[in-house]
Amino acid sequence: MHRTLKKLYRDHAHISRLMDALELQLNKIKQTDQPSFPLISEIIGYLGDYADTFHHPIEDQLYQIMLAHSDLGREHMEKLLGEHMITMNLTREFKRALEALSKNSVISRDRVAKLGWEYVEHQRTHMAFEEGEAFPFLRKELSDEAFDVAAGAIPAIEDPLLDPNMTSRYPLLFEYLAQEKNSS
Ligand SMILES: [Fe+2]
Ligand SMILES: [Fe+2]
């Protein structure tokens, strides 16, 4: 498997763990327990800074290359490109809601929770489709050169969750993942 596709799968594994973490916090809102809004903000910050900025753009490149190369799978590629736009909007909307909540602006916890659940649902469905349909399809249809071109079009940055220098940027997230690892 091309290293770029491997990286996309690895990103998904991390995003999926973050969705579990987010779900846990959202359940606390439902149970009128005290969730960690700062942790939720770090999760959404990471998704905006890394997933929306580097992960999805590499996929976009691959989907575009596939569209230029063949009509095969056109519907799926276009659907996924559209979903990336929706994801970016959801990230922005959720981020704004969290900022409003932290400033005690007029926004309810229920509204924040609703946006959060929408986010989790969208992200999980999207990744399941990519892993179940799109990635195996790209692997079959595209050459290694096509994967190189897609990866080369986007700055090659490491996943911040694998970079120890990023702990100060996402302190609660690193702490949460370390605890989760110890308890598993
Ligand atoms: Fe995607
Ligand atoms: Fe993805």
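Keep in mind it's a predicted model, so treat the numbers as computed, not measured.

## Digging into the overall build of the protein chain
Across its full length, the protein chain carries six helices and zero strands. A compact globule built from 184 residues should have a C-alpha radius of gyration of about 16 Å, and the protein chain, at 17 Å, falls within 12% of that. Structurally, the protein chain occupies a C-alpha span of about 50 × 35 × 25 Å along its principal axes. Residue burial in the protein chain is summarised as follows: out of 184 residues, 45% are buried. At a minimum sequence separation of 6, the contacts of the protein chain that also span at least 24 residues come to 78%. Summed over its atoms, the accessible surface of the protein chain is roughly 9,700 Å², and 53% of this surface lies on carbon and sulfur atoms. Charge-centre separation for the protein chain: the mean point of 21 positive side chains lies 4 Å from the mean point of 30 negative side chains.

## Side note on the pattern of salt bridges
This structure, assessed with the given rule, holds eleven salt bridges. Salt-bridge contacts for Glu-23 lead to Arg-124; the nearest nitrogen and oxygen are separated by 3.1 Å. Linking Glu-23 in helix H1 (residues 3-30) with Arg-124 in helix H4 (residues 109-141), this pair joins segments that are 101 residues apart in sequence. Where Lys-79 meets Glu-83, a salt bridge forms, and the shortest distance between an N and an O atom there is 3.0 Å. Separated by four residues within a single helix, Lys-79 and Glu-83 lie in helix H3 (residues 74-102), roughly one turn from each other.

## Topic: the coordination of the iron ion (ligand 1)
All of the protein donors around the iron ion (ligand 1) are Glu-59 (OE), His-84 (NE2), His-126 (NE2) and Glu-130 (OE); their distances to the metal are 2.1 Å. For the iron ion (ligand 1), the four donor atoms in the first shell make angles of 88 to 174 degrees at the metal, so the coordination geometry reads as irregular. Counting the intervening residues between successive donors of the iron ion (ligand 1) yields the motif E-x24-H-x41-H-x3-E. The distance between the iron ion (ligand 1) and the iron ion (ligand 2) comes to 3.1 Å, and Glu-59 binds to both of them. Taken together, the positions of His-84 in helix H3 and Glu-130 in helix H4 put the pair 46 residues apart, joining distant regions of the chain. For the pair His-84 and Glu-130, a shared accessibility class is recorded, and that class is buried.

Conventions used here
Each chain has its residues counted from 1, running along the sequence as written. Here the convention is simple: chains get letters from A, ligands get numbers from 1, in the order in which they are written. Totals for whole chains, interfaces and linings use all residues, but because this is a predicted model, local features are given only for residues with pLDDT of at least 70 and pairs of side-chain atoms are given and counted only at 80 or more. Hydrogens and water molecules were not included; the side-chain quantities draw on all heavy atoms of the structure. Working definition: helices are DSSP H or I runs of at least four residues, strands are E runs of at least two. Numbering for both runs from the N terminus. Throughout, radius of gyration means the C-alpha value; the globule benchmark is 2.2 Å times the number of residues raised to the power 0.38. Burial here depends on accessible area, computed with a 1.4 Å probe over protein chains only, as a share of the maximum for the residue type. Under 20% is buried, over 50% is exposed, and the range in between is partly exposed. Contact criterion: two residues are considered in contact whenever any of their non-hydrogen atoms come within 4.5 Å of each other. For every accessible area listed, the method is Shrake-Rupley and the probe measures 1.4 Å; residues are considered covered only by the protein chains on display. His residues and chain termini do not enter the charge count, which takes Lys and Arg as positive and Asp and Glu as negative. We put the charge of a Lys on NZ, of an Arg on CZ, of an Asp on CG and of a Glu on CD. For this analysis, a salt bridge means a side-chain nitrogen from Lys or Arg found within 4 Å of a carboxyl oxygen belonging to Asp or Glu. Each metal site is built from N, O and S donor atoms within 2.8 Å (3.2 Å for Na, K and Ca), and since water is not included, such sites may look incomplete. Angular criteria define each label, namely tetrahedral for four donors with all angles between 85 and 135 degrees, square planar for four and octahedral for six donors with opposite donors over 155 degrees apart and remaining angles between 65 and 115, and irregular for whatever fails these tests.

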